[in-house]
Amino acid sequence: LKLQFLYLIESPPTVMASAPMGMLMLNGQAYACVPTAGAAGVQGDSEVKLTINGDAFTVDVAKDEGLGMHATLNDFIRKRTRFTGTKRSCGEGGCGACVVTMLEEVGGTARAVNSCLRPLLACNGRAFVTVEGVGSTDAPHKIQTALAKAGGSQCGFCTPGFTMSMYGLLSEKAGSTPTQEEIMNAVRGNICRCTGFRPIVKGFEDSLKPGGCAGARHPCEHEDNARASSGELPRLPTPVVASDGASAWEEMASEAQLAQRLTDLSKAASPPKDVMLVGGRTSIGIWKTRRPDLSLHIGGLKELRFCRAAPGVGYEVGALATLTEVMEFLGQQGGAGAAHLPQLVDHLKKVAAPSIRNTASIGGNVMLTYEKKDAPDNFAYSDVTSCLYGIGAVLKVVRPGGAGAVSVSFDDFYASDMKWSYLRSIIIPSAVPGEVFKTFRVAARAALSHSYVVGALRATVADGKIGDGARVVLGGIATHPTSFPTVEAAMKGVAVADQNAFKHLCDALGTAVVPEAGAGRVAYRKSVAQGFFYKFWLGLQGSLPASLQSATASWLPHAEYTASQTYDAPDPAMGPLTVPEPKLSALDQCTGEAKYTADQPEPANLIHVAPVLSTAIGSFTVSLEKAQAMPGYIGWFAAADMGLGNSLVIQGPVFAKGTTDYIDQFIGVVLAKSAAMAVDIARAVEVTYTSTTPPLVNIDDAIAQKSFHGDNPLSKHNITQGSTFIAFLGAKHVVQGSFKAKEQYHFHMETQTAVAEMKPDGRGIAVHSATQMPSATKAQICLALEKLRASDISVDVFRAGGGFGGKLFNATRVAIIAAAVTNQKKLPAKFVLEIDDNLKAMGQRYPWRFDYKIAYETTGKITAVEATYYVDAGSGDTEAPFSAGMINQCFDNCYNIPNWTVNIKHVKTQTPAGTSVRGPGFVPGIYVMEQMVAKVAAALGVPAQKVREQNYYVPNDVTPWGDKLVQWGNMTTILTRLMDSAQYSKRVQDVAAYNAANKWTKRGIGLTPVKYAMGWDHTLGMYNFDVALSANADGSVEVMTSGVEIGQGLNTKVAQTVCYRLGVKEEDISMQVNSTTTVCDVSSVTGWSTSSELCELAALNACDTLNAALAPVRKSLPANSTWADVCAQAVRMGVNLAAKGRSDKNRPAALTKDQYESYSAAVQEVLLDVLTGEVSILRTDILFDAGRSVNPLIDVGQVEGGYLMGIGYALYEDFQDRDPKTGQRPVHNTWEYHVPSVLDIPQTWNTGLLKGFPNPAGVLKTKATAEPPVCLGVGVLEAVHGACTAAAGAPVVSPQVPFPVDARHMACNVSTDQFNIA
């Protein structure tokens, strides 16, 4: 036995099964030595052989300094191949941007998998296809073409992952056509932050129809169901055995070899400290920092990967059988003995996503719960294990040195000693006569969200009574799935129709259920557990009253939808304008050919950067001893390296210097040879704090301590109108209180990214940044790098993978650091934040607290509002003034309230400074106004709509901000048309009737109007954009803008505008990279929904200049000359074919103090499960005033995407509060932070752009569409409040947003005293 002894034994080992979602792992607590290649007779070499898109690759991971032992398939694809269409966003399997397909054996099925979860060492002998292997812009696959045509790609960063999830479905469904439900479930693990998902599903549906690609910019090349195979498998790959001195990997060739290896390790004097059996290894998405000393790869062991019938017993599945394989096998079984299997299969469909289930092993799930059974703050939520426990499954375990497998029940499993053992298989017993098996779960959202509570309950019923073997298993209560023997024993012999007996059992369960406090939501988890027992018991009844029947219905998130989109017909006189066309780059994005900042070819000697963030407030010292010893370490870069420039940038010091000012502040960055190595090394940097003080991280505490930012000229946003003092003196009714709007993470799919390199001449630095403000980024870099002038710096933006305001000053910090490293080292530097660090350090939508007092009449007329609005600006006050200024433009929303006193205060906490997020100021402002309307309505006992109707503006009213509402007639038309088309009045009655007839599910309906002031002038003069045109002799035209394409279609609208004004074809236009070297260097930031419109204006001005220059040329040519003829003649005549335009010329006259008002409204209806708090949006009708839309396809996409982001803000995106002692936030990844998924969209979704109302104050008579729709989504709260009110029997108005699943349930005041069974 050849061993390199590194550590002494510290504790006895345990065994963990590792698989996709869990892992078979040899007691993570044990022992440490690192076996060398070939140890204990394990034969193999360190080379991994795989194919990607048919290309063969061989890599020695242990020797490749740019990868390392812990590299994933995603790392390899992005770093060592040209296939950068495969993206990395979360690195956790939580977003789907990394999906590819994998083929494991000849004749097998290529399935979608998450490349970020697949260890590169586990790819030996596999074949993969990325989005580039599916099709190209020259020869696109039908799903790529149809997706682009449908408008299913906006920023495009998520698009390759969606494409591959659909491609994997086509592979699985070869020979048949997937249904809409199958499509939606195939992409349930893919997140899109831009589109609202609807056009993505439509594109995939269209691809399956004959001629579904017709009319697209590029014809479909491949009309077959699934064109490409996954390529040829590498021939006879040798098992991989590798070591880098710190970690070792051994690929097991047989179960016998595995058993012998574990037996040998169990006898070793000093066995490895951390040994993991690696199957699918999807658990890396949850515990990314795990770095085992020894990994035994068992993923290829056929002996442990099978599904088969076990005559006389039931069904046996191998521990390495993937969840997909188990589901497919169980779903094919029939007969009385399989009567319980459909319930199990249906539940497994709700677990994870297909790309995870395709590699996650069932045994790994089980063993993961074993490993985490003693981790009260970090235990494993496992639906799979809970269901297996509840159905009566038995585990077959092989002990070290044992002759065979022994049977272990789940009752004994968690108390057993699993050290050096492994799980071979799982026996699922056949159903017995009279058996009833039901499972339940509740989670933060419908898809790809771990459950808060799982229920798996089983009983046999004969003659109306419960027999032997009852089982009540709950997951999410204790640190592992748990049964309740006393309740189970008491169930025997109970008549299912006995109300008193049921009540006794339910109370007994309530006493036995004591949720582990570390997981939070204690009262909720207990209440839901009893609710699941109630649902189960109702299902045992022979018949139920109609009012109770909906409680037994399976609460499945809808997987089908219907939708419509309406808008004005295209105007033939406008040429390409007003035509619903896909984005110019849509197909590039669908084929993976669109390049983002991190996709550019990596130059030689590239330095990768990763941050070290503060975890306390106080003085600190840094120790690099451990970091310096790690593979790939290059250096450390911090405040001392920045000099005076560290403190010169607008948003505060780049790095902390000696003392930290706030939690998650940049202390420094490590420099390394690869991104993965940099992240690992950063974790090894030791920061020691002295003289620490408790952090101030809560807005309420900060207000109580009078912690406010000082005077800021931009922060004077207080507004007074009329006299609230007099109004309150004569008020008939007064209501007062406080609302909160919590922060929201942007979740732009592309995290903060920058690459810096020396310019070719060695003088100056070229920065490639995913920023919304390249000019300001350049200026800030110059401030930070004192000795460089503006001419020494250039900033380019290829495109940004989403922004929403998150890539303003936050992106600048990352660009400054990359540039500073390059400036010092004279080498290229790449800084791409991991999602954890991006979420922690980069700020969120500002939290607000609104203290208000309202005076109102009995009619519902509001006469006065007196309020103080507190915005938690965090440690810095850089962007908060803009949000505060915007809230003053909207706090009245659509209501003429004569008397206002609003004071706004900027709270200072020791947290990262917040930042703008789509609709800054407006979203919380309109939210609180609608909440105040709801409060008045609740106090009067009338519908909120009645209060609205008493307070609506009329044409030409003036807002407290000073806007004259000359277009209020647009809103009147919207409300009239929408209420008619949505059948609002009838549905209000239908909702009331439904609620009267159903006790445990309730409906709610609400109408939300939105007035959104759109302005082009800003305090800092940031609303000017530039467009540069350069025509060529062949007629092609290069167009450059200072606006950044972040998914909103800016480039496409500019191109359409240029085509219209110059009279050229779209194929003549080439949109160029945004660069500070080609357009004016004092341009605006891209944001606030106005960038596209103003870039269109700049383009018109540039075209007019060029047309004027070409006028003499045209006169010299025949009337039928082409554009190319004109350009060629201009060259011959010496006419300059370049022109520039700015948006400060030829602006349409403003209609208001701002430029104009945006108007919209939505009617939303929801269904609430009272026993869990889950909500499904049944129907949404939106009517939005876009003026005369330049591109209806893009504008509808903006409306729908913005709306769904508002739904997330209102219902899903709940941050857990920071720990008041440490300041740390428990949520910083996709495991806990949940944006809406494809299964959260409305079941019926009707979106319309207001017809017949061109905007005289808009460029080309259009209106902005990006941000106002977010406010419509927030309006879903009225419908949810209505459903909760119907359940609680008293008015419910949530005191804060978001209003997540647990808060919704608790607001319903559910009590077991209400649990009647008849």
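The structure this text deals with has already been given above.
What counts, and at which threshold
- Residue indices follow the written sequence of each chain, beginning from 1 at its first position.
- Predicted model: local features are reported for residues with pLDDT of at least 70 only, side-chain atom pairs are reported and counted for 80 or more only, and whole-chain, interface and lining totals are derived from all residues.
- Values shown for side chains rest on all heavy atoms present in the structure; no hydrogens or waters enter the calculation.
- Here a strand is any run of E in DSSP of at least two residues, a helix any run of H or I of at least four, and the numbering for each starts at the N terminus.
- All radius of gyration figures rest on C-alpha atoms, and the globule criterion is 2.2 Å times the number of residues raised to 0.38.
- Type-normalised accessible area, obtained with a 1.4 Å probe on protein chains alone, sets the label of each residue: buried when under 20%, exposed when over 50%, and partly exposed for intermediate values.
- Surface accessibility in these figures is a Shrake-Rupley result with a 1.4 Å probe; residues are shielded only by whichever protein chains are displayed.
- Only strands joined by at least two bridges in the DSSP assignment are considered to pair.
- Whether two residues touch is decided by their heavy atoms; if any such pair falls within 4.5 Å, the residues are in contact.
- What we call a nonpolar core is a set of buried Ala, Val, Leu, Ile, Met, Phe, Trp, Tyr and Cys residues that are connected through their side-chain atoms within 4.5 Å.
- Polar contact criterion, stated in full: a pair of N or O atoms within 3.5 Å, where within protein one must be able to donate a hydrogen and the other to accept it, and residues adjacent in sequence count only if both atoms are side-chain atoms.
- By definition, no residue in a patch forms a salt bridge, and every one has over 30% relative accessible area; like charges are joined within 9 Å, nonpolar side chains (Val, Leu, Ile, Met, Phe, Trp, Tyr) within 5 Å.
- We count a salt bridge whenever a side-chain nitrogen from Lys or Arg sits within 4 Å of a carboxyl oxygen from Asp or Glu.
- In this analysis, the expected span of each helix is defined as 1.5 Å times one less than the number of residues it contains.
- Throughout, an axis means a line fitted to C-alpha atoms (over the contacting stretch in the case of helices), and angles, computed between N-to-C directions, take values from 0 to 180 degrees.

(A) Looking closely at the overall build of the chain. A tally of helices and strands in the chain yields 38 helices and 48 strands. Taken against the 2.2 N^0.38 rule, which gives 34 Å for 1318 residues, the C-alpha radius of gyration of the chain at 31 Å falls within 12% of a compact globule. Once the C-alpha set of the chain is aligned to its principal axes, its extents read approximately 95 × 75 × 70 Å. Per-residue burial over the chain gives 65% buried out of 1318 residues. Here the chain has roughly 42,700 Å² of accessible surface; of this, 52% comes from carbon and sulfur atoms.

(B) Just the pairing of strand β19 (residues 435-443), in detail. The element β19 is extensively covered by neighbouring structure, given that seven of its nine residues are classed as buried. As paired strands, β19 and strand β20 (residues 451-462) are joined by nine bridges and run antiparallel to one another. Paired with V436 across the two strands is A459, which belongs to β20.

(C) Spatial organisation of the side chain of S1237. Within the fold, S1237 resides in the loop between α35 (1192-1212) and β47 (1244-1249). Of the residues examined, S1237 reaches a relative accessible area of 0% and is grouped as buried. Contacts of S1237, omitting those with residues within four sequence positions, involve R188, F197, R445 and A447.

(D) Looking closely at the pairing of strand β12 (residues 275-278). Burial along β12 is two-sided: the face carrying V275 and L277 and the face carrying M276 and V278 are both buried. Judged from the four bridges that link them, β12 and strand β13 (residues 294-297) form a sheet pairing that is parallel. Within β13, the residue paired with V278 across the bridge is H297.

(E) Layout of the nonpolar core. Counting residues in hydrophobic clusters, the biggest one holds 242 residues, and the most contacted among them are M491, F533, W537, W848 and Y869. Once residues within four sequence positions are removed from consideration, F533 is found in contact with L457, V472, V487, M491, F502, L505, C506 and L509. Formed by 47 residues, the second largest nonpolar core is a distinct cluster that contains Y315, A321, V326 and A393.

(F) Fine view of the environment of Q43. With respect to the secondary-structure elements, Q43 resides in the loop between β4 (33-35) and β5 (47-52). Since its relative accessible area comes to 57%, Q43 is described here as exposed. Each C-alpha atom, one on Q43 and one on P239, is 7.1 Å from the other, the two residues being 196 residues apart in sequence. Not counting the four nearest positions on each side in its chain, Q43 is found in contact with P239, V241 and Q257.

(G) Up close: the environment of Q844. Mapped onto the fold, Q844 is located in the loop between α26 (835-841) and β36 (848-856). For the pair Q844 and Y870, spaced 26 residues apart in the sequence, the C-alpha separation amounts to 16 Å. Filtering out sequence-adjacent residues up to four positions away, Q844 remains in contact with E743, Q744, Y745, H746, L839, G914, T915, V917, F1215 and R1225. Among the polar contacts listed, one links the side chain of Q844 to the backbone oxygen of L839, at a separation of 2.8 Å.

(H) Quick look at a nonpolar patch on the surface. Together, L644, L648 and L783 make up an exposed nonpolar region whose accessible area comes to about 280 Å². Note that L648 resides in the loop between α20 (639-642) and β28 (666-672). Exposure remark for L648: the relative accessible area of 42% places this residue in the partly exposed category.

(I) Here's a closer look at helix α32 (residues 1050-1062). Here α32 contains 13 residues, and its C-alpha end-to-end distance of 18 Å stays within 8% of the 18 Å for a straight helix at 1.5 Å per residue. In terms of burial, α32 is a largely internal element, 11 of the 13 residues being buried. Against β40 (1026-1031), β41 (1037-1041), β42 (1069-1071), α33 (1091-1115), α34 (1123-1133) and α35 lie the buried residues of α32.

(J) Fine view of the sheet that holds strand β44 (residues 1138-1142). With respect to topology, four strands assemble into an open sheet ordered β42-β41-β40-β44, the strand pairing being mixed. Every other strand in the sheet has two partners, leaving β42 and β44 as the edge strands with one partner each. When the angles between neighbouring strand axes are averaged without regard to direction, this sheet yields 20°. Here α32 sits on the sheet in contact with β40, β41 and β42, set at roughly 150° to β42.

(K) Geometry of the sheet that holds β5. The five strands lie next to each other as β6-β5-β9-β7-β8, forming an open sheet whose pairing is mixed. The open sheet has two free edges, formed respectively by β6 (55-60) and β8 (111-114), since each of these has just one partner strand. Each adjacent strand pair in this sheet contributes to an overall mean axis angle of 40°, direction not counted. Bridge count for strand β7 (residues 99-103) against β8 is four bridges, and the pairing is antiparallel. Bridge assignment links T101 to a residue of β8, and that residue is A112. Each of β5, β6, β7 and β9 (127-129) is contacted by helix α1 (residues 73-80), which is oriented at about 70° to β5, the strand it contacts most. Packed onto the sheet, helix α4 (residues 159-172) meets β7, β8 and β9 and runs at close to 30° relative to β7.

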